[in-house]
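Architecture at a glance
Single-letter residue listing:
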Amino acid sequence: MHSLRRRKRFPGVIILRGCVLVLSNVKAMRRFVLSRVDIWEALDMKLISTRNGQNGIEASKATLKGIAPDGGLYVPERFPSIEDMGAIEGAAYPELCAKVLGLFYDDIPGLGELTKAAYERFDDKDVAPVKKISSSEFVLELWHGPTLAFKDMALSVLPRLMTAAMGEGKDI
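Each chain has its residues counted from 1, running along the sequence as written. Only residues with pLDDT of at least 70 are given local features in this predicted model, and only at 80 or more are side-chain atom pairs given and counted; all residues enter the totals for whole chains, interfaces and linings. Each side-chain value is derived from all of the structure's non-hydrogen atoms; neither hydrogens nor water enter the calculation.

1. Examining the environment of Leu-140
Tracing the backbone shows Leu-140 in strand S7 (residues 137-140). Under the scheme applied here, a residue whose accessible area is under 20% of the maximum for its type counts as buried, over 50% as exposed, and between as partly exposed, the area being computed with a 1.4 Å probe on protein chains only. Since its relative accessible area comes to 16%, Leu-140 is described here as buried. Secondary structure elements are defined from DSSP: runs of H or I of at least 4 residues count as helices, runs of E of at least 2 residues count as strands, and each element is numbered from the N terminus.

2. What to know about the side chain of Thr-115
With respect to the helices, strands and loops of the structure, Thr-115 is situated in helix H4 (residues 111-119). Note on definitions: a residue-residue contact is assigned when non-hydrogen atoms from the two residues lie within 4.5 Å. Apart from the residues lying within four places of it in its own chain, the contact partners of Thr-115 are Pro-94, Cys-97, Ala-98 and Leu-101.

3. Here's the deal with the pattern of salt bridges
By definition, a salt bridge exists where a carboxyl oxygen of Asp or Glu is found within 4 Å of a side-chain nitrogen of Lys or Arg. According to the stated counting rule, one finds five salt bridges in the structure shown. For the salt bridge of Glu-58 with Lys-46, the shortest nitrogen-to-oxygen distance reads 2.9 Å. Remark: Lys-46 occurs in the loop between helix H1 (26-37) and strand S4 (47-49) and Glu-58 occurs in the loop between S4 and helix H2 (59-65); sequence separation between them is twelve residues. With its nearest N and O atoms 3.3 Å apart, the salt bridge here joins Lys-125 to Asp-126.

4. Section: the nonpolar core
What we call a nonpolar core is a set of buried Ala, Val, Leu, Ile, Met, Phe, Trp, Tyr and Cys residues that are connected through their side-chain atoms within 4.5 Å. Within the largest apolar cluster, 30 residues are counted, with the highest numbers of intra-cluster contacts made by Leu-101, Tyr-105, Leu-111, Tyr-119, Val-157 and Leu-161. Among the secondary structure elements, those contributing two or more residues to this core are H2, helix H3 (93-104), H4 and helix H6 (158-165). The element best represented in this core is H3, accounting for five residues.

5. Digging into the environment of Gly-112
Along the chain, Gly-112 falls in helix H4. Considering only alpha carbons, one finds Gly-112 and Leu-101, eleven residues apart in sequence, at a separation of 9.5 Å.

6. Here's the deal with the pairing of S7
Being paired, for any two strands, means DSSP has found at least two bridges between them. In this sheet, S7 lies alongside strand S6 (residues 130-134) in antiparallel orientation, the contact comprising four bridges. Within S7, the residue paired with Ser-134 across the bridge is Glu-137. Two successive antiparallel strands, S6 and S7, enclose a turn made up of two residues.

7. Here's the deal with the packing of aromatic side chains
Between the rings of Phe, Tyr and Trp (Trp by its six-membered ring), a pair exists once the centres lie within 6.5 Å; its type follows the angle of the planes, with under 30 degrees stacked, over 60 edge-to-face, and the other angles tilted. Scanning all chains against the criterion turns up two aromatic pairs. Judged by centre distance (5.1 Å) and plane angle (85°), the rings of Tyr-93 and Tyr-119 are edge-to-face. Here Tyr-119 lies in helix H4 and Tyr-93 lies in helix H3, a separation of 26 residues in the sequence. In this structure an aromatic cluster arises from ring pairing among Tyr-93, Tyr-119 and Phe-122.

8. Considerations on a nonpolar patch on the surface
Put simply, a patch holds well-exposed residues, over 30% relative accessible area, that have no salt bridge, with like charges counted together within 9 Å and Val, Leu, Ile, Met, Phe, Trp or Tyr side chains within 5 Å. Exposure was quantified through the Shrake-Rupley algorithm and a 1.4 Å probe, taking into account, for residues, occlusion by the shown protein chains and nothing else. A contiguous nonpolar surface patch, about 230 Å² in accessible area, is contributed by Leu-155, Leu-158 and Met-162. Relative to the assigned elements, Leu-158 resides in helix H6.

9. Brief notes about the confidence of the model for the chain
Confidence scores per residue from the predictor, reported as pLDDT, run from 0 to 100. For the chain, per-residue confidence averages 76 on the pLDDT scale, and residues scoring 70 or more make up 72% of the total. In this model, residues 1-25 is a region of pLDDT below 50 whose contacts with residues beyond four sequence positions or in other chains number 53 contacts. Every residue in residues 31-43 scores below 50 in pLDDT, and together they form 31 contacts with partners more than four places removed in sequence or on other chains.

10. Some points on unusual backbone geometry
Backbone geometry places Val-127, a non-glycine residue, at a positive phi of 65°. By secondary structure assignment, the location of Val-127 is in the loop between H4 and S6. With relative accessibility at 2%, the residue Val-127 sits in the buried group. Look at Leu-148: it is not a glycine, yet its phi comes out positive at around 60°. Looking at the element boundaries, Leu-148 is found in the loop between S7 and helix H5 (152-155). Residue classification places Leu-148 among the exposed residues on the basis of a relative accessible area of 58%.

Right, dumping it as structure tokens:
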């Protein structure tokens, strides 16, 4: 039998083997995602250390550095507004990914082409499709990448972001 854990904070979310979200319905999934996004506020993004909250740097520089000088992790100093993304309904996954990344990486041009290239090796055109498994449950499939693991969602984009961040005239 598969190990299922219900999240107390999000009762509609179930973790199956640590990598599949099963939600009570598609509306619950949209509410979950949007509730995480609707607190975003503004552009001109800087990332700060979790240890001291100071010395904000651009996301591209934080991506290349990895760890802040004080040993903390880099986090956004604030979250931009979802309205800054424009129309997202019906957007393909790479396009949606580029819009979200654009809120943080305002100094990297061509994010649309970058994300499209990152996800072209996935074996499903939807990249992370939502499949109906019963009349009231849906599964978000995160295993369609080159290594068949959920880590492909981030690690297909990260090297491309790092390459773009090291572009001409940039230093860390």
